[in-house]
Every structure is written in C-alpha cells, then in structure tokens.
Amino acid sequence: MLIKHKLNEKERGYSRREFLKIAGGAGIGGASLAAVAAIKELPGANQDMLFNSRLKEPYLPQYPSEYPWWVKEIDDTANSLGTTEIVPNELVLGSTKINGQYKAFTDGRQDGFQAVGNAATNQDWSGEWGKIAQEAVTARNEWIANMTPEELHDYRFGTAIVQASDHWHVNTAEKNWIKLPVNTAKVEVSAEEMTAKLKGVAHWFGVDQIRVCAIDDKMKPFFYKIAATSGTLRGYRPKGWVDPGRPVAWPYPYKYAISMGIFTSLPTHRAGVGPLANASTATTCSDQDLFSKYMESTIRGLGYEAYGMIIADEDCCETPLAIRAGLAEAGRSGLAIAPWGAGLRTIIVATNAPLVPDKPIDFGLQEFCKVCGRCSDNCLAQVIGKDPEPSLINGAYKWEYDGLLCMKQRTAFGCQFCVSVCPWSAPDTPAHDFGRVLASIPMLAPMMVKVADLTYGKYPRGEDAPNWQPWHKPAEWAPWRT
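Keep in mind that this is a model prediction, so the values were computed, not measured.

Novice: Got a sec to walk through the pattern of salt bridges? Specific residues and values, please.
Specialist: This model, assessed by the stated rule, comprises 19 salt bridges. The salt bridge involving Arg 211 is made with Glu 73; its shortest N-O contact spans 2.9 Å. With a gap of 138 residues between them, Arg 211 in strand β6 (residues 209-214) and Glu 73 in strand β1 (residues 72-73) connect regions that are remote in the sequence. Given the relative accessible area of 7%, Arg 211 is considered buried. Here Glu 73 falls in the partly exposed class, since its relative accessible area comes to 44%. One salt bridge connects Lys 370 with Glu 389, and the closest N-O pair in it is separated by 3.4 Å. On the criterion of sequence distance, the pair formed by Lys 370 in helix α11 (residues 365-371) and Glu 389 in the loop between α12 (374-378) and β15 (391-393) is long-range, its members being 19 residues apart. Members of the salt-bridge network, linked through shared partners, are Glu 174, Lys 179, Lys 293 and Glu 296.

Structure, rendered in structure tokens:
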C-alpha cells in the first residue's frame, strides 16, 4: 500500500509555497541559499506543490523551446558522435559512450509492455515475460483486495483513465490510422527554413522541445526488424491475440527523425505510485500519439512523406534518437533525462522533408548521476544499479538495470518513482534554474545532491494525493475554480 505522511505546519517549517512568497525579490542566489535553511521537511515527506495545476496542462509547453547557455552542444561529425571518435565497435550517443558488440533491437513485440500485455491477455505464463506477467497480476490482485472502499474508488477511476488513454493508441495504430494524402503541391523551402518552421509549429501545438537527427547506419541497431501491431501497451487485446508483427525495412525509407519531447505533469507524478501516477503517465503517452499524428499530417500536407510513430507500435527504440538529436542524455535510471527532468516523453516522426540535424547535448548529467543515485536508492523494486561508475553492458557504458522487475512493478502498481525523485525533475523557475546551473558543474554536483536530499527528503514517499485527483469534487482539487 502507499505510504502517506501527514505533517502539520509546525513539523514541516515553511512550505515551499510560503517560502517563495517570503523570498519575493530577494534574488536568485539569496533565494537558493534561503531555501536550504527555510525548508525543514522531515525525511520521507512528500514534496509540497509549488503551484496549482490541473492533472495536466494539455497544449501548454511547460519549459522553454530554446536551451539556456549552460547546455552545451556536442559536435556530431561523420567520424564521431559528440567528442568521441568512432572506431571499430565503438560509438557514442551524445555523452553516452557505446562500446563493443551492441545487441541490436530486433522485435518490437518483445518490448516489455507488449510482451506482458500479450501474456496477461492470453494468461500464458510461459517464458520470462509470462512469469513476470503472472507475478504482476498476482501482486496487483493482492493490492486491490486490501484496499479500503475509498482507495478502491480512486483505483477504479485512475484505471479507467489509463484504459481510455491507452485505447487512443489502438485507434492511431498504423493498421487503423487513415493517413492524410501527401499534397502534390509541395512547399519548396530550404532545409534551414523548413526546420525552423516545423519547430515553431510543434511548439505551437504544445510540444516542449523539438530536435532533429539523421537516420543513417549509426542508428540501425536501434531499429526493429519486426515492429508490433497491437496498437496498445496495456489496454484492450482480444482473447487469443497473437501479434503477427510488421516488417521494418532497412535501409529505412526516411532520412530524418524529428524527435519531440513533452513532460509529464509535475504535481501528479509526485504521487510516485498508484492510480494518480498511472493516470498522469498514461495521458501523457496518449498525447504523444496526438502530437505525432499532428506533425505527420502537417508535413504530408506540405508535400513530403512522413510517418508519425505511436508509442505502442513504433519502428525503433526512441531513446537513442532523442539522445542523438539533443533532447536528452541517458541517466542512471536508463531514462532519457532532459535538462528539465526525467519526466520527458519522446515522440518520433520520420520524414523525407528537407531538414538540418541538431547536435547532441551535454549538461553534466553523466557526472551528476555518478554522485547522485536518488533513483536507485528510492526504487521500490530495486532494479537500478548502485555503483558510482557505469559499466560496459551490452556494448554500452551504463548502469545496471533489471527491465523485467521494473515491468513487474509498473504493471502491478503503476510506478514512476525514478521520475519523481530525480533532482532535475523540477519546475521552470528562476530558483530551480539556478540549481540546474550549479548541478551541471561536476565539482558542485555532490553539493546539489545534498540540497535535493534536504529539500525533498533523501527517501521521499509519494502519496495517492486525494486533493489532486480530478475525479474528486473541484473544490477538493481545484479550489480556484469554485
């Protein structure tokens, strides 16, 4: 069950909201120093909300479209990715070095959500994914059996939102989606102009970040040979469903990948586990499909071929493309972490429109992750490696990560603790941005980890957050609307 902490104002000292009111115009530096002294949350306390918010703010970007000065771009030349030269069996994606024989992604039907969903639908408990699916279903049923009536009510609403969100994937699946015909009257502009205009359009749609990378032989290992066709991650599949798969051609028929990023809702993903956290993630996933198809149809309307991948049936693993395009770096948790946090959800639109690829970025995340480990320490399933240094795993220097046990936890309870406890997952405010600048400096990273521990608790525990669940009365979760 979820662990709840009820702390009165005397126990907590100043709330962050009160502190920001008091701090006022004291200045970024003064506010940051005062925060350490003023915020006295007990270890394990759930973080207070910095601002009122709905469950999510659709179509409203949360973060700037341009990177600040402290995010560095890394050259990506023909002989290197970033600053590392490419030699036989060596590759770099942004600041993440890949070495040795890399095991290629081959079958999208063996993605964790796909494999567990298929096993659970058919109650086929064979194989490693079948075993994980059975254990997850058993754990979830035990959890539900011990819920109070109020908790069960919240669970049912949260699950209904997840199912509604996931069914969007079904209807945008490649086999069901009716594509806009490619306009025969092509809009002829330079690659630079097309890139700039499409970035502007994407941001207007509500996308936080949009970058571009080439689809070439460097990216081949990250494309499936067979893609899934279910059109769903954890939603409806007919009994007896067997995914026939869809072949992915190589050489790939598109030259560029437009990599777009949106972020999960900060207030709701602080729930960590449970119906609210699950609903927050699922609705953002369905938004990914929306923006993907918006961009696909826009480009086709301009006279160019484009294919907007949906999150369930994509042709590739999205994270490497996002890293190469400069949306993020790879973090200890295995997630693509942007300068504004681990709640980044990536969207890929492949196209032959004339575009200019962007460069990978380096904002100090690799060095920060070496001294942080908050995601590993707080992982309920203990699936993230604890060693300070990454090691060579499947051809890449990264941290240990058990995808099977992670999928079991997420399937059973709906979990995003690694997202919520990441110190980079914070609002776009002057005080937080000042903290990001300090965190990007390797010698200051240990200090900023201690600041995060002091501010949010070293072991924060999420809540089901009844005051933030939209199925409660508006006065309970959105008092400014009454």
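Novice: Could you give me a rundown of the packing of aromatic side chains, with the residues and numbers involved?
Specialist: Per the stated rule, a full pass over the model turns up 13 aromatic pairs. Judged by centre distance (4.6 Å) and plane angle (20°), the ring pair of Phe 205 and Tyr 294 falls under stacked. You can see Phe 205 sitting in helix α7 (residues 191-205) and its partner Tyr 294 sitting in helix α9 (residues 275-301), a full 89 residues away along the chain. Judged by its relative accessible area of 12%, Phe 205 is buried.

Novice: Which residues make up the state of the cysteines, and what are the values?
Specialist: By the definition in use, this model includes 0 disulfides. Free cysteine: Cys 418, not disulfide-bonded; nearest cysteine sulfur from Cys 406 at 6.4 Å.

Novice: Residue-level account of the pairing of strand β13 (residues 344-351), with values.
Specialist: The buried fraction of β13 amounts to 8 of the 8 residues, a majority that puts the element mostly inside the structure. Side chains of β13 alternate between two faces, with Leu 344, Thr 346, Ile 348 and Ala 350 and Arg 345, Ile 347, Val 349 and Thr 351 buried alike. Both strand β9 (residues 256-263) and β13 contribute to a ladder of 8 bridges, which runs antiparallel. Paired with Ile 258 across the strands is Val 349, a residue of β13. With 3 bridges joining them, strand β10 (residues 306-308) and β13 adopt antiparallel strand pairing. When the sheet's bridge partners are listed, Ala 306 is paired in β13 with Thr 351.

Analysis parameters
Residues numbered from 1 in each chain as written. Predicted model: local features only at pLDDT ≥ 70, side-chain atom pairs only at ≥ 80, totals over all residues. Heavy atoms only, no water. Salt bridge = Lys/Arg side-chain N within 4 Å of Asp/Glu carboxyl O. Helix = DSSP H or I, 4+ residues; strand = E, 2+ residues; numbered from the N terminus. Buried < 20%, exposed > 50% of the residue type's maximum accessible area, 1.4 Å probe, protein only. Phe/Tyr/Trp six-rings, centres within 6.5 Å; stacked < 30°, edge-to-face > 60°. Disulfide = S-S within 2.5 Å. Pairing = 2+ DSSP bridges.

None of this, on its own, says anything about what the molecule does.
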